[in-house]
Amino acid sequence: QQQVKQSPQSLIVQKGGISIINCAYENTAFDYFPWYQQFPGKGPALLIAIRPDVSEKKEGRFTISFNKSAKQFSLHIMDSQPGDSATYFCAASKAAGNKLTFGGGTRVLVKP
Amino acid sequence: EPEVTQTPSHQVTQMGQEVILRCVPISNHLYFYWYRQILGQKVEFLVSFYNNEISEKSEIFDDQFSVERPDGSNFTLKIRSTKLEDSAMYFCASTVGAGELFFGEGSRLTVL
């Protein structure tokens, strides 16, 4: 019940295209859903986060869509750039600052 | 910008040896975490620490693991007798409370 499932495992997108990563969770006690970006050799860094009282949150080229009834959320990267090439992890916790349960990660490669 | 710092960046050890990984969390943070990431896999929660005691630990965090905050700035993870399967990247993270979790760049542990 603690799992967060993430798909796809990897994604190749052309520069300027849209990257879409999906996550599903089981634990209805989760109340905070961040996305982390990780470059090789670095630690995860918070990209954007959402709480279930909103269905969408946008920050620049990054948008989270949230479907509470389906227990699913997704990250959209608009106008993907080569610098966006990284591994993206969705995560969930019972509150901001609490322990995170991570999805399996999606390796995104943006081709110039 | 304040950051979580970890040492060493890479440690190679023999099976059965003790290892101590060190972290300096962000100075005003109160909650501290260790996560690990086996190569190519997801980030997994190990332990959380608050008010000088463990607040939660995962099944991975068995009797071979311990954490300590020996002074006001350092937060350490000790593995008493390392096994091959302990080879992973270990991330320290900290937060002030109900906010963003900040990760360090990680310590890569290789057990031979």
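Higher on the page you've got the structure.
Residues numbered from 1 in each chain as written. Chains lettered and ligands numbered in written order. Predicted model: local features only at pLDDT ≥ 70, side-chain atom pairs only at ≥ 80, totals over all residues. Heavy atoms only, no water.

K.L.:
I keep staring at the interface of chain A and chain B and nothing clicks. Help me out?
P.N.:
Much of the literature gives interface size as the accessible area that the parts lose upon coming together. Taken together, the contact pairs 16 residues of chain A with 18 residues of chain B. Between chain A and chain B lies a buried interface of about 1,500 Å² when both sides are counted; carbon and sulfur atoms form 55% of it. In terms of surface lost to chain B, no three residues of chain A exceed Gly97, Lys99 and Phe102 of chain A, which account for 34% of the buried area on that side. Here Glu105 of chain B makes a salt bridge to Lys42 of chain A, at a shortest N to O gap of 3.0 Å. Scanning the region where chain A abuts chain B turns up 7 residue pairs in polar contact (both at pLDDT 80 or more). When its residues are assigned to classes, the side of chain A that touches chain B shows 7 nonpolar, 7 polar and 2 charged. (Contact = heavy atoms within 4.5 Å. Buried area = accessible area lost by both parts, 1.4 Å probe. Salt bridge = Lys/Arg side-chain N within 4 Å of Asp/Glu carboxyl O. Polar contact = N/O pair within 3.5 Å; in protein donor to acceptor, adjacent residues only side chain to side chain. Nonpolar A, V, L, I, M, F, W, Y, C, P; charged D, E, K, R; others polar.)

K.L.:
Help me understand the sheet that holds strand β3 (residues 19-24) of chain B, please; the structure alone is not making it clear to me.
P.N.:
Think of a sheet as strands paired side by side through backbone hydrogen bonds, with each pair either parallel or antiparallel. All names here are of chain B. With respect to topology, 4 strands assemble into an open sheet ordered β1-β3-β8-β7, the strand pairing being antiparallel. Either end of the sheet is taken by a strand with one partner, and the two such strands are β1 (5-7) and β7 (65-68). Averaged over neighbouring strand pairs, the angle between their axes works out to 15° when direction is ignored. For β1 and β3, the ladder comprises 3 bridges, and the chain directions are antiparallel. Pairing of Thr7 across the sheet is with Arg22, part of β3. (Pairing = 2+ DSSP bridges. Helix = DSSP H or I, 4+ residues; strand = E, 2+ residues; numbered from the N terminus. Axes fitted to C-alpha atoms, helices over the stretch in contact; angles between N-to-C directions.)

K.L.:
Can you walk me through the nonpolar core in this structure?
P.N.:
The nonpolar side chains of a soluble globular protein tend to be buried with one another. Core analysis: the largest hydrophobic core is formed by 24 residues, its most contacted members being Phe33, Trp35, Phe73, Leu75 and Tyr88 of chain A. Secondary-structure elements contributing two or more residues to this core are β2 (10-14), β3 (19-25), β4 (33-38), β5 (45-50), β7 (62-67), β8 (72-77), β9 (86-92) and β11 (106-111) of chain A. If one sorts the elements of this core by residue count, β9 of chain A sits on top with 4 residues. If sequence neighbours within four positions are ignored, Leu75 of chain A has contacts with Ser19, Ile20, Ile21, Trp35, Leu47, Ile48, Phe62, Thr63, Ile64 and Tyr88 of chain A. Residues Val4, Val47, Phe49 and Leu77 of chain B belong to the second largest nonpolar core, which totals 21 residues. (Core = buried A, V, L, I, M, F, W, Y, C linked by side-chain atoms within 4.5 Å. Buried < 20%, exposed > 50% of the residue type's maximum accessible area, 1.4 Å probe, protein only.)

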